[in-house]
Amino acid sequence: MNHNPFTLAGKTIFITGASSGIGRAIAVEASRMGATLLISGRNSERLGETFSLLRGDGHEQHIADLNDEQQTTEMITRLPSLDGVVHAAGIITSLPFQFITREKLEEIFSVNFISPTLLSKELVKQKKLNKNASFVWISSISGFLCGSPGHSLYSSTKAAVNGMVKGMAIDLARKGIRVNSINPGQIATPLFDEGVISSEQMQQEMQKYPLKRFGKPEEVAYAAIYLLSDASAWTTGSHLVLDGGFTLL
Ligand SMILES: NC(=O)c1ccc[n+]([C@@H]2O[C@H](COP(=O)([O-])OP(=O)(O)OC[C@H]3O[C@@H](n4cnc5c(N)ncnc54)[C@H](OP(=O)(O)O)[C@@H]3O)[C@@H](O)[C@H]2O)c1
């Protein structure tokens, strides 16, 4: 038999933001590593596309807007016992600091921080997590290692995530539950497709990476597989940086 400490065979994993980008790649790669997936997103067509890419049987898809408490509560009730949870749902806003409003703050904090925090708490409270379960939050290097123009709102949600990861890791350790974050630099996903930065800025930005390219969603997925697997059994409260060397310079 092949030795593989990174296998996800026998593990049931719930992923938010699985209808696109990083969440989709994690779902697909985790299924290739043997996991049973519960995938979630708002857009049923895109979520269905991810579903069709999953390897193996027994997977489920759950449509829910994480900002909608009722939809989220109903989804949690339907979930089976879990060995892993990946918080990949997120949005980005580009807004110079002087234009920040309470509404904008609440909108981005709700999706990137408040909803996944409350969702995590409910999963723990309802005893939906198996012993040795693993939480993986998709954070960002902009949460603690660097900043960029117009992204103070986004960065602060990710800084909040990284603070939560440390606190959760301490509080849940006695249950054997691990909590970690992955902090990517720029990854080629639809997140940046909506004019957040121009294609010219994209090319300039890429040159700032020592490895001269952005990351691929699959490369984030491989890190998530490590954190979801028993290979990382002694890793908790950590912030794994994946940035092609960007923050070295
Ligand atoms: N791309 C990057 O360069 C990069 C870098 C660092 C960190 N990240 C982080 O990685 C995560 C995933 O980003 P991505 O690049 O994969 O973005 P993406 O392709 O735009 O995907 C975002 C996902 O979040 C879901 N989502 C957004 N709002 C939601 C809500 N209210 N309720 C439920 N789901 C919601 C979307 O669902 P629907 O499609 O169904 O609406 C989609 O599945 C985010 O947290 C992002 O901050 C991304």
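Heads up: the structure comes first, above all this text.
Source: prediction; values computed, not measured.

(A) Main features of the sheet that holds strand β3 (residues 60-63). Within the open sheet, the seven strands sit side by side as β3-β2-β1-β4-β5-β6-β7. Their pairing is parallel. Whereas interior strands pair on both sides, the edge strands pair on one side only; in this sheet they are β3 and β7 (239-242). Each strand axis lies, on average, 15° off the axis of its neighbour in the sheet, ignoring direction. Where strand β6 (residues 178-184) and β7 come together, four bridges link them in parallel fashion. Note that in β7 the partner of S181 across the bridge is H239. Strands in contact with helix α4 (residues 102-125) are β1 (12-16), β4 (82-87) and β5 (129-138); relative to β4, the strand with the most contacts, it is inclined by about 170°.

(B) Seen up close, the pairing of β3. The pairing of strand β2 (residues 36-41) with β3 spans four bridges and is classified as parallel. Bridging across to β3, G41 finds its partner in I63. Tracing the backbone out of β2, into helix α2 (residues 44-53) and back to the parallel element β3 gives a crossover that is right-handed.

(C) View of the site of the ligand. Taken together, 28 residues are adjacent to the ligand, and G17, G21, G90, T189 and L191 come closest. Sort the elements by how many residues they give to the shell around the ligand and helix α1 (residues 21-32) lands first, with three residues. Within the shell around the ligand, the residues separate by chemical class into 12 nonpolar, 13 polar and three charged.

Procedures and definitions
Residues numbered from 1 in each chain as written. Predicted model: local features only at pLDDT ≥ 70, side-chain atom pairs only at ≥ 80, totals over all residues. Pairing = 2+ DSSP bridges. Helix = DSSP H or I, 4+ residues; strand = E, 2+ residues; numbered from the N terminus. Axes fitted to C-alpha atoms, helices over the stretch in contact; angles between N-to-C directions. Contact = placed C-beta atoms within 7 Å. Right-handed = clockwise from strand over helix to strand, strands pointing away. Near = placed C-beta within 6 Å. Nonpolar A, V, L, I, M, F, W, Y, C, P; charged D, E, K, R; others polar.

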